[in-house]
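# Coordinate inspection notes
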Amino acid sequence: MTETEKTTAPARRLEWQLVEVRQIIVETFRVKSLLLHAPGWQGHLPGQHVDIRLTAEDGYQAQRSYSIASPPEDELLALTVEKVHNGEVSPYLVEELRVGDQFQLRGPIGGYFVWTVATPGPLWLIAGGSGIAPLMAMLRHRARRNVHNPALLLYSSRSLDDVIYREELDAMARRDPDLRVVHTLTRKQPEGWKGYGRRIDKELLADAYFPPGRNPNIFICGPTSLVEAASGLLVELGHEPLTIKTERFGPSGWAS
Amino acid sequence: MTGNDSDLVLDGNAAAGLLQEIFVLEITTAQIQCEACGSTGAVGSLRLHAAPMGAVLRCPHCDASVMRAARTPHGRWLEMTGARCLRFLAVRE
């Protein structure tokens, strides 16, 4: 390049590569994390995703996108997969895949829904269900780099048993006074539960912590219904639409 | 993001794989201007209607269709009637 100018992300062809499952972590009764060895992986930014491609013996191919849950600092690439009822791909990933198995993957993809420690200002993450995955990459990255910008995770799950990464999140919040993790359990609350027990609404968001004047970077990931509700309410509360980045996924049952 | 079904409404970011097969520069952060209402935003912030063969990307402000991309056995299609321009951001270091 003749000038000291470059685009926000390097121009790199997306190539399919084989990855190998090195470890499988049971997160909840419907969710597992796959830890993958991706030879020659170029690194990624927290929030990016990958495409994966499965090929059946008869040649039929199915392709899906999954967020990366691991931070760039980790050697293995983590994908967190929720088993979707009647799904074509996720039941295979959650139930059939074993350590040592291989499949095709390409990435990292997407420079839009991305946060790194170089981004100034508070970090406000709002997750519904397995939408926590790309946000977890951001929180893990933040923890590995030991930065202390104020951060808040508002995490909506059906029940305590459905909370993904629960112990890790609790431990992170205990270690770091600048991180707050707030759970809301929409369907079932354990006895004596002192947290929120309802869907995200305006009071719940207003209770929380970063008024528009503090210019938080807001990332929302979850089912479409949650993302639309939360982003709409945040705009009503005075947050700039451009500071709110969203990633929706399809109706996986959260709405019912 | 877990795209487990067809015909989903998602964010433009979810079409990144399909679009990035075509573009050399990062596409989700590129700024696109809607012909219909004139608003400008990142491709990743468009509303994506995803179907098995491809994607329709709509303006989040006026719902006009600004990009359509498809992968067919005969090749890839990208149609951008509805978009005024696409700007790839550069940063100086």
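Residues numbered from 1 in each chain as written. Chains lettered and ligands numbered in written order. Predicted model: local features only at pLDDT ≥ 70, side-chain atom pairs only at ≥ 80, totals over all residues.

## Quick word on the overall build of chain A
Here is the rule: Secondary structure elements follow DSSP: runs of H or I of four or more residues count as helices, runs of E of two or more count as strands, with numbering from the N terminus. Here the globule rule reads 2.2 Å times residues to the power 0.38, and the radius of gyration is calculated from C-alpha atoms. Residues with at least 20 neighbouring C-beta atoms inside 10 Å of their own are called buried, those with 12 or fewer are called exposed, and the rest are partly exposed, where every C-beta is derived from the backbone. We call two residues in contact when their backbone-placed C-beta atoms lie within 7 Å.
Regarding its fold elements, chain A presents five helices and 12 strands. The globule rule puts the C-alpha radius of gyration for 256 residues at 18 Å, and the 18 Å found for chain A is close to it. Along the first, second and third principal axes, the C-alpha set of chain A runs to 55 × 50 × 30 Å. A burial count over chain A gives 41% of its 256 residues as buried. Of the contacts formed within chain A by residues at least 6 apart in sequence, a portion of 73% connects residues at least 24 apart.

## Points about helix H2 (residues 132-144) of chain A
Where we set the bar: By definition here, a helix of n residues has an expected span of 1.5 Å times n minus one.
Over its 13 residues, H2(A) runs 18 Å from end to end, which matches the ideal 18 Å to within 8%, given 1.5 Å per residue. Within H2(A), burial applies to Ile132(A), Ala133(A), Pro134(A), Leu135(A), Met136(A), Ala137(A), Met138(A), Leu139(A), Arg140(A), His141(A) and Arg142(A).

## Overview of unusual backbone geometry
Between Gly107(A) and the following residue, Pro108(A), the backbone shows a cis peptide bond with an omega angle of 0 degrees. Counting through the fold element by element, Pro108(A) comes out in strand S7 (residues 102-109). The phi angle at Asn215(A) is positive, at roughly 50 degrees, despite the residue not being glycine. One can find Asn215(A) in the loop between helix H4 (202-207) and strand S11 (217-223). For Asp63(B), which is not glycine, the phi dihedral falls at a positive 70 degrees. Structurally, Asp63(B) is set in the loop between strand S5 (54-58) and strand S6 (65-72). Its 12 C-beta neighbours within 10 Å are what place Asp63(B) among the exposed residues.

## Some words on the sheet that holds strand S2 (residues 17-26) of chain A
All names here are of chain A. Heads up, the condition is: DSSP calls a pair of strands paired once it identifies at least 2 bridges connecting them. Think of each axis as a best-fit line through the C-alpha atoms, taken over the contacting stretch in the case of a helix, with angles from 0 to 180 degrees between the N-to-C directions.
As summarised here, the arrangement of the six strands in space is S5-S4-S7-S2-S3-S6, forming an open sheet in which the pairing is antiparallel. In this open sheet, the two edge strands, each paired with only one partner strand, are strand S5 (61-67) and strand S6 (77-82). Between one strand axis and the next, the sheet turns by 40 degrees as a mean value, whatever way the strands run. Relative to S7, strand S4 (residues 49-55) runs antiparallel, the two being bridged by four bridges. Its bridge partner lying in S7, His-49 is registered against Ile-109.

## A short note on the nonpolar core
Generally speaking, nonpolar side chains in soluble globular proteins are found buried as a group. Put simply, the rule reads: One nonpolar core equals one set of buried Ala, Val, Leu, Ile, Met, Phe, Trp, Tyr and Cys residues connected by C-beta atoms within 7 Å. Segmentation into domains, and thus their bounds, comes from an automatic or database assignment.
Formed by 74 residues in total, the largest nonpolar core has its most connected members in Leu79(A), Leu125(A), Leu135(A), Ala230(A) and Ala15(B). No other element matches H2(A), which puts seven residues into this core. Summarising the domain contributions, this core has at least three residues from each of domain 1 (17-109) and domain 2 (123-249) of chain A. Look past the residues within four positions of Ala15(B) in its chain and what remains in contact with it is Leu48(B), Ala50(B), Ala55(B), Leu57(B) and Ala69(B).

## Quick word on the environment of Arg76(B)
Residue and element names in this part refer to chain B. You can see Arg-76 is positioned in strand S7 (residues 75-79). Taking the C-alpha atoms as reference, Arg-76 lies 20 Å from Ile-32; in sequence the two are 44 residues apart. Not counting residues up to four positions away in its chain, the partners in contact with Arg-76 are Glu-21, Ile-22 and Arg-71.

## Brief notes about the confidence of the model for chain A
Residues and elements named next belong to chain A. To keep it simple, the criterion reads: Each residue carries a pLDDT score, the predictor's confidence in it, ranging from 0 to 100.
Taken over all residues, the pLDDT of chain A has a mean of 89, while the share at 70 or more is 93%. Mean pLDDT values for the elements of chain A range from 43 in strand S1 (residues 5-7) up to 98 in S2. The low-confidence segment residues 1-7, where pLDDT is below 50, has 12 contacts with residues more than four positions distant or belonging to other chains.

## Focus on the confidence of the model for chain B
Residues and elements named next belong to chain B. On average, chain B scores 83 in pLDDT, and the residues at 70 or more come to 86%. Across residues 1-7, where pLDDT falls below 50, the model places 33 contacts with residues more than four positions away in sequence or in other chains. With pTM at 0.87, the complex prediction returns an ipTM value of 0.73.

## A short note on the sheet that holds strand S3 (residues 40-42) of chain B
Residue and element names in this part refer to chain B. Strand order in this open sheet of three strands is S3-S2-S8, and the pairing throughout is antiparallel. Two strands bound the open sheet, and with one partner strand each, they are S3 and strand S8 (83-87). Going from strand to strand, the sheet's axes swing by 25 degrees on average, the running direction of each strand aside. Sheet topology note: the strand S2 (residues 31-34)/S8 ladder contains four bridges and is antiparallel. Bridge pairing in S8 links Gln-31 to Arg-87.

## Some details on the pairing of strand S4 (residues 47-50) of chain B
Regular strands place their side chains on alternate faces of the sheet. All names here are of chain B. Burial of the side chains of S4 is restricted to one face: Leu-48 and Ala-50 are buried, whereas none of Arg-47 and His-49 on the reverse face is. Relative to S5, S4 runs antiparallel, the two sharing four bridges. Pairing of Arg-47 across the sheet is with Arg-58, part of S5. The antiparallel hairpin formed by S4 and S5 contains three residues in its connecting segment.

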